[in-house]
Structures are given as C-alpha cells and as structure tokens.
Amino acid sequence: FESEISAFRNNLWGWLVGVVIALVLVQTAIMQWGLRPLQQLADDLKAIEDGDQEHLEGDYPTEIDGVTRNLNILLGNEREQREKYRTTMADLAHSLKTPMAILKGAAADLPVGERQSLDDQINRMDEIITYQLERAVTRSSKLVQKAINVQPLVARLVLALNKVYTDKPITIKTAVDNLSFFGDERDLMELLGNLLDNACKWAQTRIRVSITENNGWVLLVEDDGPGIADTEAQLRALQRGQQLDETSDGQGLGLAIVADLAEAYRGDMQLRASDLGGLCVYIHLPPGG
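Residues numbered from 1 in each chain as written. Predicted model: local features only at pLDDT ≥ 70, side-chain atom pairs only at ≥ 80, totals over all residues. Heavy atoms only, no water.

(A) Up close: empty space enclosed by the protein. For the structure on display, the rule yields one cavity of 30 Å³ or more. Taken as a whole, the largest cavity encloses approximately 40 Å³ of empty space. Together, Leu195, Asn198, Ala199, Val221, Asp223, Leu279 and Val281 line the largest cavity. For the lining of the largest cavity, the elements supplying multiple residues, two or more each, are helix H6 (185-202), strand S5 (217-223) and strand S7 (279-285). At three residues, the largest contribution of residues to the lining of the largest cavity is made by H6. (1 Å grid on protein atoms, 1.4 Å probe; cavity = no way out; pocket = protein on both sides within 12 Å on 5 of 7 lines; lining within 4 Å. Points joined across faces, edges and corners; volume = space filled by probe spheres on them. Helix = DSSP H or I, 4+ residues; strand = E, 2+ residues; numbered from the N terminus.)

(B) Spotlight on the environment of Gln121. Positionally, Gln121 belongs in helix H4 (residues 112-137). For the pair Gln121 and Ala160, spaced 39 residues apart in the sequence, the C-alpha separation amounts to 8.4 Å.

(C) Region of the structure containing the packing of helix H5 (residues 150-164) against H6. In contact at an axis separation of 10 Å, H5 and H6 are set at 40 degrees when each is read in the N-to-C sense. Considering the angle they form, H5 stands oblique to H6. Note that H5 runs across H6; the crossing there is right-handed. Across the interface between the two elements, Val150, Leu153, Val154, Arg156, Leu157 and Leu161 from H5 touch Glu185, Leu188, Met189, Leu192, Gly193, Leu196, Asp197 and Cys200 from H6. A per-class count over the contact of H5 with H6 returns 10 nonpolar, one polar and three charged. (Axes fitted to C-alpha atoms, helices over the stretch in contact; angles between N-to-C directions. Parallel < 35°, antiparallel > 145°, perpendicular 65-115°, else oblique. Left-handed = near helix turned anticlockwise from the far one by under 90°. Contact = heavy atoms within 4.5 Å. Nonpolar A, V, L, I, M, F, W, Y, C, P; charged D, E, K, R; others polar.)

(D) Structural view of a nonpolar patch on the surface. Together, Phe8, Leu12, Trp13, Leu16, Val17, Ile21 and Leu25 make up a nonpolar patch on the protein surface, roughly 740 Å² of accessible area in all. Counting through the fold element by element, Val17 comes out in helix H1 (residues 2-50). (Patch = residues over 30% accessible without salt bridge, like charges linked within 9 Å, V, L, I, M, F, W, Y side chains within 5 Å. Areas by Shrake-Rupley, 256 points an atom, 1.4 Å probe, with all protein chains shown as cover. Salt bridge = Lys/Arg side-chain N within 4 Å of Asp/Glu carboxyl O.)

(E) Structural context of the sheet that holds S7. The sheet built from five strands is open, its strands ordered S2-S4-S5-S7-S6 with mixed pairing. Since the sheet does not close on itself, it has two edges, and those belong to strand S2 (171-176) and strand S6 (268-273), each with one partner. With direction set aside, neighbouring strand axes in the sheet form an average angle of 10 degrees. Where S5 lies against S7, six bridges are found, and the strand directions are antiparallel. Bridge pairing in S7 places Val221 opposite Val281. Here H5 sits on the sheet and contacts S2 and strand S4 (206-213); the angle it forms with S2, its principal contact strand, is near 175 degrees. Sitting on the sheet, helix H8 (residues 254-264) is in contact with S6 and S7, with an inclination near 140 degrees to S6. (Pairing = 2+ DSSP bridges.)

Nothing here speaks to function; it is geometry throughout.
See the structure below:
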C-alpha cells in the first residue's frame, strides 16, 4: 500500500512539474504574440526618430488603434508647427538682409577706424543671420566635428564687448586653457556671445570667464551683478521669452538659446551663485563636444 502511494506521489509530482513547464511555455508564447503589436509600435517610433518615416504605418490591432491614430495626429501637428517656425525664421532672416546691406553701404562714408569697427559688427550680424537662416531651412543638421581653438575666439568676443559696453566700468578676466571645441564655430560663438553679453548687461564692475578641462571641458561665466538666488526664478530664466526683469531690454531668449545649444552637444548647464556676488553659469560639455 505504501509502495503504491509513493509511486502515485512520484507520478503526481512529475505530471505537475510537466504541466507547470507547459503552462509557462504557453503563457510565454501568448505574451509574445500579444505584445508583438507594441514591439512593432516601438520599432515604428524608432524609425520616426531616426527620420526613416514620418508617421506610424503598421497594421495595429483594434485595442491600440486609437492610440496610434492620436499619435499620428500629434506628429502631424508637430510637423506643421515646425514648418511654420522654419518659414517664419526664414522670412525674418531674409527680410534683414536688405537693411544689413544698406548699413554696410552707409559705413563706407565713416572714418577708417569707425568704419572698420562697424564693418566687423555688420559682418558678425550677417553671419548670425545666415546661420539662423540655414538652421531654419535645413531639416536635420549634423554637427560638424571640426576642432576650433577656444582661446582666440574668447579674446575676440571680449574685445568686441569691451567696445559695446564702454559706458560701464567692467573688467573681464579670462582664464582659458588651450582647448579645442569640436563642432560648429557659429554654435560656439552663439553660446559664448550670449553668456558674455548677458554677464555684461547685469555686472557692476567684474566678470570672470574660465574654461578648463575636466572629462570634457567646463565653462564658467560669473559676474558681480544681482544674481538669481531663487531656484524657481533660475528655472524661469532658462525658459524662452521669460524675463525676470520686465523693465530691461531684451526678449528673454539668451539663456534659453545657450541651454538648447548645450543640450545639442550633450552638455549640462546649471545656474549657480558666484563668489563674486552675482550669477555663475556652469556648462559642462563631454569629450568631443
């Protein structure tokens, strides 16, 4: 009798283990079959992200058909908004070409020293307009990996800003290592130019610029102005069109543009308090950025 019970128990455990294994295999197959549309959705989204297609094209089941339809509507609206933005930017950049040409012609009547300074700034403005026009009409821009020496570029910007802010007793101290920036020179000019111009705008007497190497390179732009102590205000300062001081000139775009450029080069940007008493803008760009 005990032998029969033992044999029955062994057979029972064997069958139970077999049934469990079979159920696990069946459940796995069912889950793979059931989740296959989600994997197809993920593949289509990745193709859209890579630029291989413009909308979701898969044959999806009824359960997620509503989601994919709404996603296609959202993608279409986003694409339309982007095209409107590009068109507006292109129109704006193109409309500024004629006034720039008139200014350049008028500069020819000035004395040599003044004409040279004005020509330099007009050429710089023309480069900015051309750069923004290219960004507006180009669908996808690849970062040009070209080594750019940072030191002379910073020196040129400091020299230009000293001429612009001659009415303010500002001293700009620079400590720039012999480093190279790998990317578009105009991006670097846009980034540094906005930061230095913003510092000159708010500084009282002192500005400090340092670029050092630390697993990539670290940029610090500090001033002795009022600063931005409140965390919420710092977040608002990085948003497009947000001005903390509504009485000042400007459109609230400078720091937002810098943040976008830092993100484009896989960098990190933070607003901190400077030991000079004002704002410290910290940017870290990884190696190769």
